[in-house]
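Residue-level structure breakdown
Listed below, chain by chain, are the residues.
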Amino acid sequence: MISRLDEVSSIINSGTPIMVAGGADMMRRLPRGNWIGGTTPFILGSADNAQTRDSLFINIMPPEAKLKSIQRYGMGGLHMLPEDVPDKGFTLVIMPTGTLVHQAFAKEAPHYPGIYSKTLSGWVSGSKSGHFSGRPQVFYGPRGHCMDDEVVAMHMELPENLVASVEMINVFEPEERPIIRFPNDGFITTHATIDGESVNFAEYLTARKANLDYPLLADYCGARINVSIKQYDVASGQVSFYGPLFRNVDYRFAKPVTDMKQKLMNFLPKDGTRPVFSCICVSNYMQGMLQDFPSSNFDGPVAYGEIAHLLLNQTMTYLRIVKK
Amino acid sequence: MLPSETDPIWTKILNGEIQCQFSHVGTCMLLAYLKRSLVGNARQEKLNSSIHDLRTHLLKYEPLLRSDIERIFGHD
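In this text, all values refer to a predicted model and were calculated from it rather than measured experimentally.

**Remarks on the overall build of chain A**
Each helix and strand counted, chain A has seven helices and 26 strands in total. For 324 residues, the compact-globule estimate of 2.2 N^0.38 gives 20 Å, and chain A sits close to it at 19 Å. Expressed along its principal axes, the backbone C-alpha trace of chain A runs to roughly 60 × 40 × 40 Å. Looking at the 324 residues of chain A, the share that counts as buried comes to 57%. Averaging the positions of the 30 positive and the 32 negative side-chain charges in chain A gives two centres separated by 3 Å.

Now the structure itself:
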């Protein structure tokens, strides 16, 4: 929910753990306490510019969840993050976009032991290009530290009768053909096989006049996972991506989405689900012109990457708690 | 109720003989990861640890996966 600075400060002073999103200047004025924060220019469900207004978006942690710890992880300690996620509970993380920790998490998280069975949710912070507030930042509330090269995490424990789960909404659907495969894991490729035929992928995308608004999709045993194309360059022959590619996985181009807003509305749960936290990708937000998306239980920061166990692209993700 | 780790259904799931889809994204990711990691590495030890990881995961998320579990294991 959107709250004024004095309201957010009051909640922090009460000891209640919260996640905060908005402008860095506002977050610098918050008292120390049980909170983590990240910068974003946009909030889904609020038309104002989050980096210039005099309010912040917050998610209050549910009363049945108990704060275990709030931690920060730099490059040297990032591998410790999944170990710290409670077996019974969840962890909310925020990491700044375009940083070494962001790239390291994207690349290494799929191989972290236990990453798929622990509930890790969160978002990648960002800032509006050219905005005076500068680089994407995260905040470590216990000391009021503002950082642009670390991950902040709030570890929460749940009682035995509850289980936390991260969910993903992907409005993109794959085309039937072609089937694309890559020779190596990684964020950059030169070659791909298109329906079994080896090609320079940058040349192929150029000939196809590929629209970078739409990701590649892979089917992970029923989950459609996007990998967004960052850029392609025929001169170097390279194509780079916002998420990691894996060999031995079939990828397909996404079909164009003409009504992002309506599709998103259709996918939102209709059972009254009130997520602990949700976020949506900035690419979907801009493409779908979601500035006037109606306020709902799924309001939240517009993210430069969504975290649902792994780093995801061009999705909406949310964290919910379910009774066993 | 999930079958024990020695039940052959786990091997069939992991080698793709039985195609499974789940409604929980973490489960989908785990199964895809385990299947990928077994390609070109079909040692029994690796298979056993993958079966253990998958079964432990399904036990944890059973409240969210009841219909999937019933569909996949219910009539085996």
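**Details of the environment of Val257 of chain A**
Residue and element names in this part refer to chain A. Topologically, Val257 is positioned in the loop between strand 21 (251-253) and helix 6 (260-267). Assessed through its relative accessible area of 12%, Val257 is described here as buried. Taking the C-alpha atoms as reference points, Val257 and Glu173, separated by 84 residues in sequence, lie 8.5 Å from one another. Excluding residues that lie within four positions of it along the chain, Val257 makes contacts with Val171, Phe172, Tyr214 and Lys263.

**So, the packing of aromatic side chains**
All names here are of chain A. By the definition in use, this model includes 13 aromatic pairs over all chains. When the centroid spacing of 6.3 Å and the interplanar angle of 55° are considered together, the rings of Phe105 and Tyr112 count as tilted. Taken individually, Phe105 and Tyr112 each receive the classification buried, so the pair is uniform in this respect. Geometrically, the ring pair formed by Phe182 and Phe241 is edge-to-face, given 5.9 Å between the ring centres and 70° between the ring planes. Here Phe241 lies in strand 20 (residues 238-245) and Phe182 lies in the loop between strand 13 (180-181) and strand 14 (186-189), a separation of 59 residues in the sequence. Classification of Phe182 by relative accessible area gives buried; the value is 4%. Overall, Phe241 belongs to the buried group, its relative accessible area being 3%. In textbook terms, an aromatic cluster arises when at least three aromatic residues are bridged by ring pairs, as seen for Phe182, Phe201, Tyr204, Phe241, Tyr251 and Phe253.

**Let's talk about empty space enclosed by the protein**
Residues and elements named next belong to chain A. A complete count under the given rule lists one cavity of 30 Å³ or more for this structure. By volume, the largest cavity is sized at about 110 Å³. Sorting the residues of the lining of the largest cavity by element identifies strand 18 (223-227), strand 20 and strand 25 (310-312) as the ones contributing at least two each. Its residues assigned to classes, the lining of the largest cavity comprises 10 nonpolar, three polar and no charged. Each of two domains, domain 1 (2-168 + 261-323) and domain 2 (180-253), supplies a minimum of three residues to the lining of the largest cavity.

**Describing the state of the cysteines**
Residues and elements named next belong to chain A. Across all of its chains, the model carries zero disulfides over all chains by this definition. A disulfide-free cysteine, Cys146 has its sulfur positioned 20 Å from the sulfur of Cys279, the nearest such atom. By relative accessible area, which is 30% here, Cys146 ends up partly exposed.

**Points about the sheet that holds strand 6 (residues 66-73) of chain A**
The strands making up a sheet are joined through hydrogen bonds of the backbone, oriented either antiparallel or parallel. Residues and elements named next belong to chain A. The strand order 6-11-7-8-24-25 describes an open sheet built from six strands, whose pairing is mixed. Bordering the open sheet on either side are strand 6 and strand 25, each of which pairs with just one other strand. On average, each strand axis in the sheet is tilted by 20° relative to the strand beside it, whichever way the strands run. Contacts between helix 4 (residues 100-108) and the sheet are confined to strand 6, strand 7 (89-96), strand 8 (120-125), strand 11 (151-157), strand 24 (306-308) and strand 25, with strand 7 contributing the most and set at about 130° to the helix.

**Here we look at the domain arrangement of chain A**
Residue and element names in this part refer to chain A. With domains assigned, chain A is organised as domain 1 (2-168 + 261-323) and domain 2 (180-253). Measuring from the centre of the C-alpha atoms in domain 1 to the corresponding centre in domain 2 gives 28 Å. Facing the 14 residues of domain 1 at the interface are 14 residues of domain 2. Carbon and sulfur atoms make up 55% of the area that domain 1 and domain 2 hide from each other, which totals about 1,000 Å². A per-residue breakdown of the area domain 1 buries against domain 2 is headed by Gln287, Asn313 and Gln314, which together make up 47% of the total. For the interface between domain 1 and domain 2, the tally reads zero salt bridges. At the junction of domain 1 with domain 2, the criterion picks out seven residue pairs in polar contact (both at pLDDT 80 or more). Residue assignment for the side of domain 1 that touches domain 2 shows that the elements contributing at least two residues are helix 4, helix 7 (282-287) and strand 25. Considering each element in turn, the side of domain 1 that touches domain 2 owes the most residues, three residues, to helix 4. Residues that form the side of domain 1 that touches domain 2 fall into these classes: six nonpolar, seven polar and one charged.

**Quick word on the interface of chain B and chain A**
In this assembly, 22 residues from chain B lie in contact with 31 residues from chain A. The junction of chain B with chain A conceals about 2,000 Å² of combined surface from both sides, 65% of it contributed by carbon and sulfur atoms. Here chain B is connected to chain A by zero salt bridges. Remark: the boundary between chain B and chain A carries eight residue pairs in polar contact (both at pLDDT 80 or more).

**Describing the pattern of salt bridges**
Residues and elements named next belong to chain A. One pass over the full model with this rule turns up 16 salt bridges over all chains. For Glu160, the salt bridge goes to Lys324, with nearest N and O atoms at 3.7 Å. Here Glu160, found in the loop between strand 11 and strand 12 (162-169), pairs with Lys324, found in the segment after strand 26 (316-323); they are 164 residues apart in sequence, far enough to count as distant. On the basis of relative accessible area, Lys324 is assigned to the partly exposed category, the value being 45%.

**Observations concerning the pairing of strand 8 of chain A**
Residue and element names in this part refer to chain A. Across the six residues that make up strand 8, a large majority, six, are buried. Burial of the side chains of strand 8 extends over both faces: Leu120, Gly122 and Val124 are buried on one face and Ser121, Trp123 and Ser125 on the other. Sheet topology note: the strand 7/strand 8 ladder contains six bridges and is parallel. When the bridges of strand 8 are listed, Leu92 appears paired with Ser121. Handedness of the crossover joining strand 7 and strand 8 through helix 4: right-handed. Pairing of strand 8 with strand 24 involves three bridges; the strand directions are antiparallel.

The rules behind these values
- Residues numbered from 1 in each chain as written.
- Chains lettered and ligands numbered in written order.
- Predicted model: local features only at pLDDT ≥ 70, side-chain atom pairs only at ≥ 80, totals over all residues.
- Heavy atoms only, no water.
- Helix = DSSP H or I, 4+ residues; strand = E, 2+ residues; numbered from the N terminus.
- Rg over C-alpha atoms; globule rule 2.2 N^0.38 Å.
- Buried < 20%, exposed > 50% of the residue type's maximum accessible area, 1.4 Å probe, protein only.
- Lys, Arg positive; Asp, Glu negative; His and termini not counted.
- Charge placed at Lys NZ, Arg CZ, Asp CG, Glu CD.
- Contact = heavy atoms within 4.5 Å.
- Phe/Tyr/Trp six-rings, centres within 6.5 Å; stacked < 30°, edge-to-face > 60°.
- 1 Å grid on protein atoms, 1.4 Å probe; cavity = no way out; pocket = protein on both sides within 12 Å on 5 of 7 lines; lining within 4 Å.
- Points joined across faces, edges and corners; volume = space filled by probe spheres on them.
- Nonpolar A, V, L, I, M, F, W, Y, C, P; charged D, E, K, R; others polar.
- Domains from an automatic or database assignment.
- Disulfide = S-S within 2.5 Å.
- Pairing = 2+ DSSP bridges.
- Axes fitted to C-alpha atoms, helices over the stretch in contact; angles between N-to-C directions.
- Buried area = accessible area lost by both parts, 1.4 Å probe.
- Salt bridge = Lys/Arg side-chain N within 4 Å of Asp/Glu carboxyl O.
- Polar contact = N/O pair within 3.5 Å; in protein donor to acceptor, adjacent residues only side chain to side chain.
- Right-handed = clockwise from strand over helix to strand, strands pointing away.

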